[in-house]
Amino acid sequence: MQSFSYWIGMAGITAFAVTAVLVLAPKGIDLFSATVLGIITAVGGGTIRDLILNVPVFWSLDLNYLWVAIGASLVTFFAESLFTRREIFRLMLYVDGFGAALFAIQTVDKSWAMDFGRPLAPVILGIVTAIGGGLLRDVLSGRQTLLMTRELYATPVLIGCTLYVALLAWIPDYRSAAALCCVGIIFALRAAAIRWDLTVPHWLMTKVKEPG
Amino acid sequence: MQSFSYWIGMAGITAFAVTAVLVLAPKGIDLFSATVLGIITAVGGGTIRDLILNVPVFWSLDLNYLWVAIGASLVTFFAESLFTRREIFRLMLYVDGFGAALFAIQTVDKSWAMDFGRPLAPVILGIVTAIGGGLLRDVLSGRQTLLMTRELYATPVLIGCTLYVALLAWIPDYRSAAALCCVGIIFALRAAAIRWDLTVPHWLMTKVKEPG
Amino acid sequence: MQSFSYWIGMAGITAFAVTAVLVLAPKGIDLFSATVLGIITAVGGGTIRDLILNVPVFWSLDLNYLWVAIGASLVTFFAESLFTRREIFRLMLYVDGFGAALFAIQTVDKSWAMDFGRPLAPVILGIVTAIGGGLLRDVLSGRQTLLMTRELYATPVLIGCTLYVALLAWIPDYRSAAALCCVGIIFALRAAAIRWDLTVPHWLMTKVKEPG
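Only a predicted model underlies this, so the values are computations on that prediction, with no experimental measurement involved.

Concerning the interface of chain B and chain C
Reports of interface size often rely on the accessible area that becomes lost once the parts have come together. Listed as interface residues are 27 residues of chain B and, on the opposing side, 27 residues of chain C. Taking both sides of the interface into account, the surface hidden between chain B and chain C amounts to around 2,300 Å²; carbon and sulfur atoms contribute 76%. Looking only at chain B, the three residues that lose the most surface to chain C are Leu147, Met148 and Thr206 of chain B, adding up to 29% of its buried area. Where chain B packs against chain C, one counts zero salt bridges.

Written out as structure tokens, the structure is:
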């Protein structure tokens with residue numbers, strides 16, 4: 001299980017870096033910026049989490065996270081035409097969603113185990129970990145952030161993390177099963193949003209935005 | 001006094017979250033983003049401060065800060081038409097100014113007591129705490145930040161924090177009275193700026209900006 | 001040597017603050033914002049580094065960094081017409097490049113000595129230290145960041161830091177000479193970029209941008 005989630009994590013890091021380079025490529029970026037923004041997107045959320053938890057940043061303990069982010073960014077930069085083929089880009093969106101789900105639940109688990117501001121703070125950190133890297137990428141590249149779009153990205157994370165905290169409180173003996181279940185729920189919701197282009201419904205918006 | 005400043009602090013957190021949702025509502029944001037940005041605005045400055053001071057982030061020790069920020073964001077989201085009534089919005093601006101004054105002086109007090117980079121660093125941290133959350137909100141939502149407008153927000157904080165440091169150095173026995181006095185001064189200056197729409201005078205600008 | 005690099009460091013802080021105020025002046029900023037952005041630009045990168053290394057932020061241990069940044073910002077604000085004289089602005093760009101080179105190599109040295117994620121993490125932190133302050137400045141002031149331009153700023157830092165890590169691994173006995181050499185290489189590359197307006201070549205871009 002440990003080893004399995006490790007490899008899933010690396011796949012998530014890869015997807016974060018790949019999607020970062022792909023969304024930025026049309027703006028015209030150079031090899032170095034692509035790599036820097038790929039790294040920041042991949043490890044940014046977890047870095048903010050570790051700073052707030054006051055633990056060593058995860059990539060300083062296992063450089064593979066950085067190497068994988070660098071490798072994925074470089075490959076994407078040079079093979080951009082491959083990755084933008086619609087099917088592969090969509091595949092990456094799914095892997096990205098799975099990575100976000102996994103990192104969020106890992107974060108809730110880690111901060112719950114540290115007794116960090118239970119029960120609310122672990123949920124907040126789960127969301128920070130899942131969306132922090134993407135927010136940094138968008139801010140540094142001048143894109144509109146996730147928070148200002150109708151994309152359904154963070155809401156599934158909120159639902160899954162909240163459920164996981166409830167399960168940790170109520171049935172702590174089934175922690176692994178609960179974690180798997182919540183990763184699955186986040187991913188299922190995110191996958192549905194990707195598959196059917198679901199967005200936040202109008203009645204949950206302060207103002208209806210025109211599509212596009 | 002402790003308990004009183006605690007409740008004032010909660011009122012400040014409320015005002016930070018409420019004003020955040022109100023200024024972002026016209027851009028069209030969803031319920032989730034409104035809450036996330038409300039939380040970030042309310043606790044962002046204090047979080048940066050705690051990271052720099054290398055102490056546990058304040059909201060992990062007392063979740064009420066988060067609950068209040070979440071509650072205020074949700075209420076504002078659903079009762080937006082109420083809050084944008086001009087008088088209530090202005091009231092919120094005053095409470096926001098009071099919260100900023102209080103948090104800034106609390107921060108100077110805390111970092112002075114920790115002997116953190118006296119005498120200059122406490123002033124810097126006071127300003128960071130007062131404006132950090134608003135800067136994060138503006139950067140994440142694509143608004144022009146406070147630093148690029150002529151609004152008189154941070155200057156009163158600078159004046160009050162500097163005065164408080166001077167008083168701490170010269171008359172340390174009158175710490176509580178000095179704190180109250182400096183909170184009052186910051187608030188009075190900020191309230192005057194809100195009341196009479198005061199802005200930074202032209203001769204303190206590198207270039208005169210057209211109003212609006 | 002220690003003392004020499006200290007003074008060079010102060011010159012670098014000065015140049016960071018001066019160039020920050022100069023690039024922001026045409027947008028119309030007030031005295032206070034100029035100073036805040038000058039400070040953030042000057043010490044921002046090193047602050048992020050220290051947070052990640054989990055060591056006390058450097059400016060809390062030696063307030064001279066802050067005083068110098070404040071002084072340089074104020075002087076630049078009031079003497080703007082002097083500094084924008086083309087020769088002096090270019091001189092500042094060179095000093096800025098030298099400061100970035102010095103801070104990057106100091107950071108690699110410090111994090112290598114702490115055994116922080118060798119060999120890759122020190123290089124990452126070197127880059128963060130060199131460009132972090134400028135990124136914060138640009139994000140807070142609504143400018144396009146360095147990462148989205150073709151400017152040759154970070155690439156020399158990457159080359160120098162990577163070389164220094166290699167030298168630390170292979171010939172640890174010649175640490176001081178290696179450091180001097182790598183600072184020199186970064187500065188030489190950056191100076192060449194300033195002198196001949198070198199930019200990232202087209203084949204290293206995802207899309208060719210029009211000049212300007």
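Still more ground to cover, so stick around.
Examining the nonpolar core
Core analysis: the biggest nonpolar cluster contains 232 residues, and Trp59 and Ile131 of chain A, Trp59 and Ile131 of chain B together with Trp59 and Ile131 of chain C have the highest contact counts within it. Dropping the residues within four chain positions of it, Ile131 of chain C is found in contact with Leu146, Leu147, Tyr153 and Ala154 of chain C.

Here's the deal with the relation of the copies chain C and chain A
Overlaying chain C on chain A yields an RMSD of 0.0 Å, the required transformation being a rotation through 120 degrees with an accompanying axial translation of 0.0 Å. The transformation relating the two chain copies, once decomposed into turn and shift, fits a three-fold axis. Looking at the interface residues of chain C, only 11% of them are also at the interface in chain A, so each copy uses its own face.

Observations concerning the relation of the copies chain B and chain C
You can overlay chain B on chain C at an RMSD of 0.0 Å; the transform is a turn of 120 degrees with a shift of 0.0 Å along its axis. Little of the interface of chain B is mirrored in chain C, where only 11% of its interface residues are also at the interface.

Quick look at the pattern of salt bridges
Residue and element names in this part refer to chain A. Inspection of the entire model under this criterion finds 21 salt bridges over all chains. Of the charged contacts in the structure, one is a salt bridge between Arg175 and Asp109, with a shortest N-O distance of 2.8 Å. Taken together, the residues Arg175 in helix α9 (residues 175-195) and Asp109 in helix α6 (residues 86-113) connect sequence positions 66 residues apart. Taking the relative accessible area as the measure of exposure, Arg175 reaches 42% and is therefore partly exposed.

Re the interface of chain C and chain A
Taken together, the contacts link 27 residues of chain C with 27 residues of chain A. Summed over both sides, the interface between chain C and chain A buries roughly 2,300 Å², with carbon and sulfur atoms accounting for 76% of that surface. A per-residue breakdown of the area chain C buries against chain A is headed by Leu147, Met148 and Thr206 of chain C, which together make up 29% of the total. On the surface where chain C and chain A come into contact, there are zero salt bridges. Here chain C and chain A share three residue pairs in polar contact (both at pLDDT 80 or more) between them. Among the secondary structure elements, those contributing two or more residues to the side of chain C that touches chain A are α2 (31-53), α7 (120-141) and α8 (154-170) of chain C. Top contributing element to the side of chain C that touches chain A by residue count: α7 of chain C, with seven residues. Within the side of chain C that touches chain A, the residues separate by chemical class into 18 nonpolar, six polar and three charged.

Details of a nonpolar patch on the surface
Residues and elements named next belong to chain A. The grouping of Trp170, Ile171 and Tyr174 at the surface amounts to a nonpolar patch, some 410 Å² of accessible area in total. Mapped onto the fold, Ile171 is located in the loop between α8 (154-170) and α9. Ile171 sits in the partly exposed class, given a relative accessible area of 37%.

Digging into the UniProt feature "transmembrane region" (unreviewed entry) in chain A
Residue and element names in this part refer to chain A. This chain's UniProt record puts "transmembrane region" (unreviewed entry) on residues 6-24, 31-52, 64-84, 91-108, 120-140, 152-171 and 177-198. Secondary structure content for residues 120-140 is 100% helix and 0% strand, while the C-alpha to C-alpha distance between its ends is 29 Å. Its end C-alpha atoms 28 Å apart, residues 177-198 is made of 86% helix and 0% strand.

Calculation notes
Residues numbered from 1 in each chain as written. Chains lettered and ligands numbered in written order. Predicted model: local features only at pLDDT ≥ 70, side-chain atom pairs only at ≥ 80, totals over all residues. Heavy atoms only, no water. Contact = heavy atoms within 4.5 Å. Buried area = accessible area lost by both parts, 1.4 Å probe. Salt bridge = Lys/Arg side-chain N within 4 Å of Asp/Glu carboxyl O. Core = buried A, V, L, I, M, F, W, Y, C linked by side-chain atoms within 4.5 Å. Buried < 20%, exposed > 50% of the residue type's maximum accessible area, 1.4 Å probe, protein only. Least-squares fit on C-alpha atoms with pLDDT ≥ 70 in both. Helix = DSSP H or I, 4+ residues; strand = E, 2+ residues; numbered from the N terminus. Polar contact = N/O pair within 3.5 Å; in protein donor to acceptor, adjacent residues only side chain to side chain. Nonpolar A, V, L, I, M, F, W, Y, C, P; charged D, E, K, R; others polar. Patch = residues over 30% accessible without salt bridge, like charges linked within 9 Å, V, L, I, M, F, W, Y side chains within 5 Å. Areas by Shrake-Rupley, 256 points an atom, 1.4 Å probe, with all protein chains shown as cover. UniProt positions renumbered as here; feature names shortened; annotations may be inferred.

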